Amino acid sequence: MKMRFLAVCTAVAAAAALTGCSGAGGASAAPDKVTLWLMKGSASDEFIARFTASFEQEHPGVDLDVRIQEWTGIGEKVDGVLSGRGGESADLIEVGNTQVARYIETGGVSELTLEGMRKWGNQDWLDGLADPSSIGGAQYGVPWYAANRVVIYHKDLFADAGIKTPPRNRQEWIQATQKLDKGDQQGIYLAGQNWYVLSGFVWDEGGDLAVQNNGTWEGALHDEKALAGMEFYKQLQALGDGPKGADEETPPQTEVFARGKVAQIIGPPSQAAAIEAANPALKGKLGFFPVPGKTSDKPGAVFTGGSVLIIPEKTRQRDHAIDVITALVSEKWQTELARTMSYVPNKTTLAHVVADNEGAASMAVGAAHGRATPKSARWAEVEAKNPIKPYMTAVLTGQDPRKAARTASESITAVLNTGP
């Protein structure tokens, strides 16, 4: 039985809110309801149930209503909540870190800069989650959890090649992959259009996919630093038989790895489960290590995916929504979520909570140096058209890298500067 506050009808209470007290003796006040939208698959049913029960016990008089949303069509639904014209309401919403710039630019997202500094330890947040949620120095989204790509490798094939420890830098990685690439065995399976992996190599070189100058976005793949990232991608991709004109899902790279003749792929650790399901003989034979960087003292940059929490300006329960965030980003519940779902916690200082999970621990190392896609509200349109993929194929099939990169950059520029 949840505890409820007793409301007493006084002139002050009536003037403050007219909360519906009636009768001479007063009555039990209705609880405040806080509606939280979470995306399907972000947290297990058990986690949600435990969190809800704990939160309501610690906040008497508050009902936490968690509603699960589908990713398909979520943009329009969130837009409706933020504008107040969608027919549904929410007090707190989980959104993807690459989506949040769109919502901020559209308007209707509550600023959380002060709370981030005072309550939530924003100095330790993962940049790949925090940076996309910050515009003009103001924070609108609060990092919740992260996931990113690592190298998944076949332990037996590494051992057979005499490789006793995972490579720590690019040079060691290339040398190891060359040893592994022999006969009908692939040193690495890297599809030609895996642009998320390319992004990390570009960032390692100091380049970017797009940059903003004086309020105008410009594609940046033709920059020399970005071209260097593509050159390394080409060198690594050649040490296997990945298709030059397709991405990692065509065919699914997990299926290719499961055949037992691939030494490495680059993907989220969760793909190990799909590999083992396809080939149970590989169970216990898969290992993980962070994508190596240019030097051994720093892992490679990776695209950081994940979710942030936003509060609509139109909520009437802002204080309670703040309380929900405070609980969700606490060490207790960050630990629970990370261990339950094999995620990376939202802070670099919490990486230790997944230390006993090899896949998640490898992710956490990379996430500390992770990035997100350019924080333009129109980046999703770039991904929909995706001029990066044909650019990569052009380079891998021997076309002029600079010319192909310039074409891709011009396409990105046009998309990012379309509209008001």
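Residues numbered from 1 in each chain as written. Predicted model: local features only at pLDDT ≥ 70, side-chain atom pairs only at ≥ 80, totals over all residues. Heavy atoms only, no water.

## Some remarks on the packing of helix H2 (residues 45-58) against helix H14 (residues 331-341)
Contact pair H2 / H14: the axes reach a minimum separation of 11 Å and the direction vectors enclose 170°. Here H2 is positioned roughly antiparallel relative to H14, judged by the angle of their axes. Contacts from Phe-47, Arg-50, Phe-51 and Ser-54 in H2 reach Lys-332, Trp-333, Glu-336, Leu-337 and Thr-340 in H14. Within the contact of H2 with H14, the residues separate by chemical class into four nonpolar, two polar and three charged. (Axes fitted to C-alpha atoms, helices over the stretch in contact; angles between N-to-C directions. Helix = DSSP H or I, 4+ residues; strand = E, 2+ residues; numbered from the N terminus. Parallel < 35°, antiparallel > 145°, perpendicular 65-115°, else oblique. Contact = heavy atoms within 4.5 Å. Nonpolar A, V, L, I, M, F, W, Y, C, P; charged D, E, K, R; others polar.)

## A word on the confidence of the model for the protein
Residue-level pLDDT values for the protein average 92, and 93% of them are 70 or greater. When the criterion is pLDDT under 50, residues 1-27 qualifies, and its contacts beyond four places in sequence or with other chains add up to 24 contacts. (pLDDT = per-residue confidence, 0-100.)

## Considerations on the sheet that holds strand S13 (residues 286-289)
Taken together, three strands build an open sheet; the order of strands is S12-S9-S13 and the sheet is antiparallel. Strands at the two margins of the open sheet, each flanked by one partner only, are strand S12 (264-267) and S13. Adjacent strand axes in the sheet meet at a mean angle of 30° when their direction is disregarded. Running over the sheet, helix H8 (residues 170-180) touches strand S9 (150-154), S12 and S13 and is turned about 130° from S12. (Pairing = 2+ DSSP bridges.)

## Let's talk about unusual backbone geometry
Note that the residue after Thr-250, namely Pro-251, is joined by a cis bond; omega there is 0°. Within the element layout of this structure, Pro-251 appears in the loop between helix H10 (224-237) and helix H11 (253-258). Phi is positive for Asn-214, which is not a glycine, with a value near 55°. Looking at where Asn-214 falls in the secondary structure, it is placed in the loop between strand S10 (210-213) and strand S11 (216-219). Residue classification places Asn-214 among the exposed positions, given a relative accessible area of 84%. The backbone of Ser-342 shows a phi angle near 60°, a positive value even though the residue is not glycine. (Buried < 20%, exposed > 50% of the residue type's maximum accessible area, 1.4 Å probe, protein only.)

## Section: the pattern of salt bridges
Tallying each qualifying case throughout the model produces 19 salt bridges. The salt bridge involving Arg-50 is made with Glu-336; its shortest N-O contact spans 2.8 Å. Taken as a pair, Arg-50 in helix H2 and Glu-336 in helix H14 lie far apart in primary sequence, 286 residues in all. We classify Glu-336 as partly exposed; its relative accessible area is 29%. The partner of Lys-283 in a salt bridge is Glu-276, and the shortest N-O contact between them spans 3.8 Å. Classification of Lys-283 by relative accessible area gives exposed; the value is 60%. By relative accessible area, which is 22% here, Glu-276 ends up partly exposed. Through salt bridges with shared partners, one network takes in Arg-170, Asp-204, Glu-205 and Lys-294. (Salt bridge = Lys/Arg side-chain N within 4 Å of Asp/Glu carboxyl O.)

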